[in-house]
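A closer look at the structure
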Amino acid sequence: MQRETSVYGYRWVVLAAFMLVNLTIQLLWISYAPVTSAATGYYGVSALAVGLLAMTFMLVYLPLSLPAAHLIDTRGLRVAAGFGALLSGVGGVARGLVGPRYGLALGATLAVAVAQPFLLNAWTTVSNHWFPRSQRATAVSLITLANLVGTGAGMALTPVLVASMSVGSVQLLYGACALVAGVLFVLLARDRPPTPPETDSVDERALMVEGLRHAVHVPPFLVFLGLVFVAMGVFNGVSTWIEEIVRPRGFSSTDAGDLGALLLLGGVIGAVVLSALSDRTQRRVPFISLALVLAAPALVGIALAEDRLGLFASGFLLGFFMTSALPVGLEYSADITRPTPVGTSNALIQLVGQASVVFVYLMALTRTSTGSFLPSLSVLAGLLLIGGVVALRMPEVRPSPGSVGSDPVTRL
């Protein structure tokens, strides 16, 4: 018997509200990276202690990822992600209010970090509940875009704002933005449309424990987890240490902020372009492989460039290729791990990505005596290249019968 399906215009409202909370939490995550030197003076701590404010997000994510995924799968998008959205705003405001007291700022950062898995783990939940298969990679790419815009804004705006405001005042401003976004999300978000967008959206999916057991026995998914570990290690490492990476070559904190913004701008464009091409061709694997292979030389460029043109071009290309692989890969994983719940497969991917905090720490430990990150960046570039070649061995996933994405659009 054919089950009723409809694609609702309200999906764009839900997506926009979700994009906004993802944007603001990224702003809170990255806002110390381009002004590490200013933050060390403001709080009276070391550069590593300032880096810990970013690493905290990854460390906290590790034990909370699967519980957050379970809450998303059992309580729904509005409750679980709504909790994360509001907690992010409250923690962000608190971080601004505590002023130069580092211990309290770290405590407030922990609250924001607790909120993160409730947002990151819901990416494919939004796309699978509200969008037809032909639009899912595009929907996830738009969420990725929001994350990149938030990170890029934090990179580019923070050095400018810190020139006229204290570090604490900037944090208060960002926290207020996050709180407003959280309230809007709770008011506008819905768990699901009245009828699903496709027949595969109403298929029964395994419970979390069974879903985990199934997912970890799917070889292509395990390969993709390895690729995520490397790619997120690159992204988190470069983002966290961006000012420290370029400073030994004479670049300023403003240059570091501009580099970060261009990296994220490239990611925004790449995520939209490659995801749209992936949806159009209904192919995932070639785009994942191409993105990783071409990201490798761009990372080398960031490590070696001696002038702004070379540095900024390398940053843009790294963002365009490497970051664009994530939304395509998330949809690939959601398809290949069925019947694992999308929240669970997403959580495993994000969990592995956040575990890449080990790369962030090792990058700091392996700096040369002159402060160069060249050894670690070179190794990471090699791993990206190998990952791109390995990705070609993953099987492609084709649409299931009856899941054609041609249902009529209905408005709420």
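Note that the coordinates shown come from a computational prediction; the quantities given were computed from them, not determined experimentally. (Residues numbered from 1 in each chain as written. Predicted model: local features only at pLDDT ≥ 70, side-chain atom pairs only at ≥ 80, totals over all residues. Heavy atoms only, no water.)

On to the environment of Ser 166. Relative to the helices and strands, Ser 166 resides in the loop between helix H7 (133-162) and helix H8 (167-188). By relative accessible area, which is 31% here, Ser 166 ends up partly exposed. Residues Ser 166 and Gly 96 lie 70 residues apart in sequence; the distance between their C-alpha atoms is 9.8 Å. (Helix = DSSP H or I, 4+ residues; strand = E, 2+ residues; numbered from the N terminus. Buried < 20%, exposed > 50% of the residue type's maximum accessible area, 1.4 Å probe, protein only.)

Together, Val 13, Leu 20, Leu 86, Val 90, Leu 179, Val 180, Val 183, Leu 184, Leu 187 and Leu 188 make up an exposed nonpolar region whose accessible area comes to about 740 Å². Counting residues per element, the ones that place at least two in the nonpolar patch are helix H1 (11-30), helix H4 (77-97) and H8. Examining the composition of the nonpolar patch, we find that six residues originate from one element, H8, more than from any other. By the secondary structure assignment, Leu 179 is in helix H8. (Patch = residues over 30% accessible without salt bridge, like charges linked within 9 Å, V, L, I, M, F, W, Y side chains within 5 Å. Areas by Shrake-Rupley, 256 points an atom, 1.4 Å probe, with all protein chains shown as cover. Salt bridge = Lys/Arg side-chain N within 4 Å of Asp/Glu carboxyl O.)

With 125 residues, the main nonpolar core has Phe 18, Phe 185, Ile 288, Leu 299, Leu 318 and Leu 384 as its most contacted residues. Once you skip the residues sitting within four places of it in the chain, Leu 384 turns out to touch Val 230, Ala 231, Val 234, Leu 292, Val 293, Ala 295, Ala 296, Leu 299 and Met 322. (Core = buried A, V, L, I, M, F, W, Y, C linked by side-chain atoms within 4.5 Å. Contact = heavy atoms within 4.5 Å.)

The axes of two packed helices give the description: the angle between them and the distance between them. Running from N to C, H1 and helix H3 (residues 47-75) point in directions that differ by 130°, and their axes come no closer than 8 Å. As judged from the angle between their axes, H1 and H3 are oblique. Residues Ile 25, Leu 28 and Trp 29 of H1 form the contact with H3, whose participating residues are Ala 54, Phe 57 and Met 58. Partitioning the contact of H1 with H3 into residue classes produces six nonpolar, no polar and no charged. (Axes fitted to C-alpha atoms, helices over the stretch in contact; angles between N-to-C directions. Parallel < 35°, antiparallel > 145°, perpendicular 65-115°, else oblique. Nonpolar A, V, L, I, M, F, W, Y, C, P; charged D, E, K, R; others polar.)

A few words now on the confidence of the model for the protein. Taken as a whole, the protein shows an average pLDDT of 84; of its residues, 92% reach a score of 70 or greater. Across the protein, H8 holds the top mean pLDDT of 95, while strand S2 (residues 409-410) sits lowest at 34. For the stretch residues 202-206, pLDDT sits under 50, and the model shows 13 contacts to residues farther than four places along the chain or on other chains. Segment residues 400-412: pLDDT under 50, and 28 contacts once partners within four positions in sequence are set aside and those in other chains are kept. (pLDDT = per-residue confidence, 0-100.)

A complete count under the given rule lists 11 aromatic pairs for this structure. Residues Phe 83 and Phe 118 carry aromatic rings whose centres are separated by 5.1 Å and whose planes lie at 80° to one another, so their mutual orientation is edge-to-face. A residue pair is termed long-range when its members are at least 10 positions apart, and Phe 83 in helix H4 and Phe 118 in helix H5 (residues 102-120) qualify at 35 residues. By relative accessible area, Phe 83 is classed as partly exposed at 40%. Members of the aromatic cluster, connected to one another through ring pairs, are Tyr 32, Tyr 42, Tyr 43 and Tyr 102. (Phe/Tyr/Trp six-rings, centres within 6.5 Å; stacked < 30°, edge-to-face > 60°.)

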